[in-house]
Number of protein chains: 2
Amino acid sequence: MKNVERLVAALKRLPGVGPKQSERLAIHLLRAPRGEVENLTEALREAKASVRLCSRCGDFTEREFCRLCADPARDAGLICVVEEPQDVAALERTRAFRGLYHVLHGALSPLEGLGPERLRARELIERVRAGGVREVVLATDPDTEGEATALYLAQLLKPLAAKITRIAHGVPLGGDLDYLDERTLSHALTGRREF
Amino acid sequence: MKNVERLVAALKRLPGVGPKQSERLAIHLLRAPRGEVENLTEALREAKASVRLCSRCGDFTEREFCRLCADPARDAGLICVVEEPQDVAALERTRAFRGLYHVLHGALSPLEGLGPERLRARELIERVRAGGVREVVLATDPDTEGEATALYLAQLLKPLAAKITRIAHGVPLGGDLDYLDERTLSHALTGRREF
């Protein structure tokens, strides 16, 4: 049974998948028609092969620039900084923001060894330094790491004279940005204040 | 982004994976080092290629007979009937049972179109008819489908004159067998009563 155990172990490594769910997933996959399993592995293979980070904002894309960065109707003078690609999707659903994004792919987390060099902060500085940016909205999560990240980025960005704002704390503290409903997120964007 | 969406859709089809988790899994997999993803798809491919059902009990195995069916120290006169392979693992952890198993791979569920022909019931009848079986313990889940399945199997098995028992209702009703703690399962096995 070593192959089953290896599969269970590989599934258990996925985020949010516990020992019980990894067993259930393995058994489901072993039982599933070959076509369904091939569809999954093929989707994974193709996504891995084709998906890259947008050269501008760092969101996932299959081209050099993501759909939003390539859209001339978006306001390039306004940059909203988020931790994760899911956050872009969540904010887009509010329809309250017409600027562009910058995806950090994480937040400062000394405990997990996530320092500023891992955060795409340098790319953000370069974008602002290149000029034309009126405002940077810091929309990192309203938890300890997110607040620390916002503070850190605000200090880095201050000398570049852009207006720096933080999404309003209409978002409940300790939460996870991409789990919030659209109205709360919309309020948080509208009520943003100077950092 | 069609490849990302296709991956999210394929992941969402897995049992217990909601829209939110499928997004998180996809992003985790896109970000993960290629080696980690290859380890997962390789484990899946090898498990799919090598794993089959035990010719005797129907549990997953990589040989003709599973580890338990191939063990001469197990009591072949005692068969414990369960719905899922996870249930075998759960019951084995109690160390309260020294017989063999029979895995139905499901329970009667008219709503989901799961009739008796899908349940490996015929294979169970054949095992009992072949002789040498003193007792069949019906250890299907203590929910509606499991009780209906036990009743159905008891009626089928009665003419074959084997002793038919049902695990005691020390297990809480409405529960899922493989989520129970070992002591409750152990009590349920010890207190089994004539069907």
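Residues numbered from 1 in each chain as written. Chains lettered and ligands numbered in written order. Predicted model: local features only at pLDDT ≥ 70, side-chain atom pairs only at ≥ 80, totals over all residues. Heavy atoms only, no water.

Peer 1: Requested: an account of the overall build of chain A, with residues and values cited.
Peer 2: Check the secondary structure of chain A and you find 7 helices and 7 strands. The buried share among the 195 residues of chain A stands at 50%. A separation of at least 24 residues holds for 56% of the contacts in chain A among residues at least 6 apart in sequence. Charge separation in chain A, taken as the distance between the mean sites of 30 positive and 29 negative side-chain charges, equals 2 Å. (Helix = DSSP H or I, 4+ residues; strand = E, 2+ residues; numbered from the N terminus. Buried < 20%, exposed > 50% of the residue type's maximum accessible area, 1.4 Å probe, protein only. Contact = heavy atoms within 4.5 Å. Lys, Arg positive; Asp, Glu negative; His and termini not counted. Charge placed at Lys NZ, Arg CZ, Asp CG, Glu CD.)

Peer 1: Which residues make up the packing of helix H5 (residues 121-129) of chain A against helix H6 (residues 144-157) of chain A, and what are the values?
Peer 2: All names here are of chain A. Contact geometry for H5 and H6: axes closest at 11 Å, N-to-C directions at 35°. As for the relative orientation of H5 and H6, their crossing is right-handed in sense. Each of Ala-121, Leu-124, Ile-125 and Val-128 in H5 lies in contact with H6, whose residues at this interface are Tyr-152, Leu-153, Leu-156 and Leu-157. Tallied by class, residues from the contact of H5 with H6 come to 8 nonpolar, no polar and no charged. (Axes fitted to C-alpha atoms, helices over the stretch in contact; angles between N-to-C directions. Left-handed = near helix turned anticlockwise from the far one by under 90°. Nonpolar A, V, L, I, M, F, W, Y, C, P; charged D, E, K, R; others polar.)

Peer 1: Break down the domain arrangement of chain A for me, citing the residues and quoting the values.
Peer 2: The domain boundaries assigned to chain A delineate domain 1 (2-50) and domain 2 (60-194). Distance between the C-alpha centres of domain 1 of chain A and domain 2 of chain A: 33 Å. (Domains from an automatic or database assignment.)

Peer 1: Can you tell me about the relation of the copies chain A and chain B, naming the residues and giving the values?
Peer 2: In the superposition of chain A on chain B (RMSD 0.0 Å, axial shift 0.0 Å), the rotation amounts to 180°. Overall, the copies show the geometry of a two-fold rotation axis. Closest to the rotation axis within chain A is the C-alpha of Thr-41 of chain A, separated from it by 3.2 Å. A shared binding surface is used by both copies, with 100% of the interface residues of chain A retained as interface residues in chain B. (Least-squares fit on C-alpha atoms with pLDDT ≥ 70 in both.)

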